[in-house]
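# Coordinate inspection notes
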Amino acid sequence: MFIVTRHEFKVAPFDRTGKLLSNPLTGFLFLFAGLLWWVLPFPFAPRGYRVSPEGITIRALVTSYVIPKSKIKRVEIVEGVKPGVGLTWLAGLFGYAGVFALADGSTAKVFATRWDRMVRINASWEIYFLSPAEPEAFVEAVHRTVLAEAKLREG
C-alpha cells in the first residue's frame, strides 16, 4: 500500500514587471489610454463632402480638407480598392482618413468609411479616395460644378 502525500507551494512574488502591470494605477493609465485611443479619432473622422466651384471639401467635426479645383484632373467610381496599411491618421476606427499604402504598392489620401465602392480623384500628382453615399451623384456634381468650368476655360 502506498501513502500519497500532497505538497502545496505558493506562487512566487511578482517580479518588477508583474508589480508594475498589477498596480491599480497602471490599470487606470491603460484604461485611460485605451479610452483616448477610442475617442480621440472621432472628431477627425470624415463626416461629409461638399462639391463647390472652389473644389471638393472633406468635412469632419473639427476640421476640413479642401482639394482645390485647380488640382482636380479626373473623377471616377472604382470598386474593389484593396487597402494596405494606414500610414497616418485614422485606420478604421470611425472611418479612414489620411495617407494609406494600397495593396498594389501605390499610396493615396483616403477620406472614407468603406473600401468596396469609392470615388477616385486624380488631383495633380495625388490620388484621393472618398466614399460618398451616392457615388454617381457625387461624380456628376463634380463634373458639372468643378470640371465643366475648367473645360470651358480650356475650350
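What you see is a predicted model, and the numbers here were worked out from it, not measured in a lab.

Next up on the list: the sheet that holds strand 3 (residues 64-68). Ordered in space as 1-2-3, the three strands form an open sheet in which the pairing is antiparallel. Only two strands of the sheet have a single neighbouring strand rather than two, namely strand 1 (48-52) and strand 3. The mean angle between the axes of side-by-side strands here comes to 20°, regardless of whether they run parallel or antiparallel. With five bridges joining them, strand 2 (residues 55-59) and strand 3 adopt antiparallel strand pairing. Residue pairing across strands places Ile58 opposite Tyr65, the latter belonging to strand 3.

Let us now look at the side chain of Ser131. As for its position among the elements, Ser131 is in the loop between strand 10 (126-130) and helix 3 (135-154). The exposure class assigned to Ser131 is buried, which follows from its relative accessible area of 7%. A polar atom in the side chain of Ser131 sits 2.7 Å from the backbone nitrogen of Thr113. The residues touching Ser131, leaving out its near neighbours within four places in the chain, are Tyr49, Phe111, Ala112, Thr113 and Arg114.

Ile56, Ile67, Ile72, Val75, Ile121 and Leu130 are the most contacted members of the largest nonpolar core, which has 18 residues in total. Secondary structure elements with two or more residues in this core: strand 2, strand 4 (72-79), strand 9 (117-123), strand 10 and helix 3. Residue contributions to this core peak at five residues, all from helix 3. Ignoring anything within four residues of it in the chain, the contact list for Val75 reads Val119, Arg120, Ile121, Val139, Val142, His143 and Leu147.

Calculation rules
- Once a new chain begins, its residue numbering starts again from 1 and follows that chain's sequence as written.
- Side-chain atom pairs in this predicted model are given and counted only at pLDDT of 80 or more, local residue features only at pLDDT of at least 70, and totals for whole chains, interfaces and linings cover all residues.
- Processing note: side-chain calculations cover all non-hydrogen atoms of the structure and skip hydrogens and water entirely.
- What makes two strands pair is DSSP finding at least two bridges between them.
- We count a stretch as a helix when DSSP gives it H or I for four or more residues in a row; a strand needs E for two or more, and each element gets its number in order from the N terminus.
- Axis definition: a line fitted to C-alpha atoms, limited for helices to the stretch in contact. Angles are taken between N-to-C directions and run from 0 to 180 degrees.
- Burial here depends on accessible area, computed with a 1.4 Å probe over protein chains only, as a share of the maximum for the residue type. Under 20% is buried, over 50% is exposed, and the range in between is partly exposed.
- Polar contacts here mean pairs of N or O atoms no more than 3.5 Å apart (in protein, one a potential hydrogen donor and the other a potential acceptor; neighbouring residues in sequence count only if both atoms are side-chain atoms).
- Whether two residues are in contact is decided by their heavy atoms, any of which lying within 4.5 Å being enough.
- To define a nonpolar core, start from buried Ala, Val, Leu, Ile, Met, Phe, Trp, Tyr and Cys residues and group those joined through side-chain atoms within 4.5 Å.

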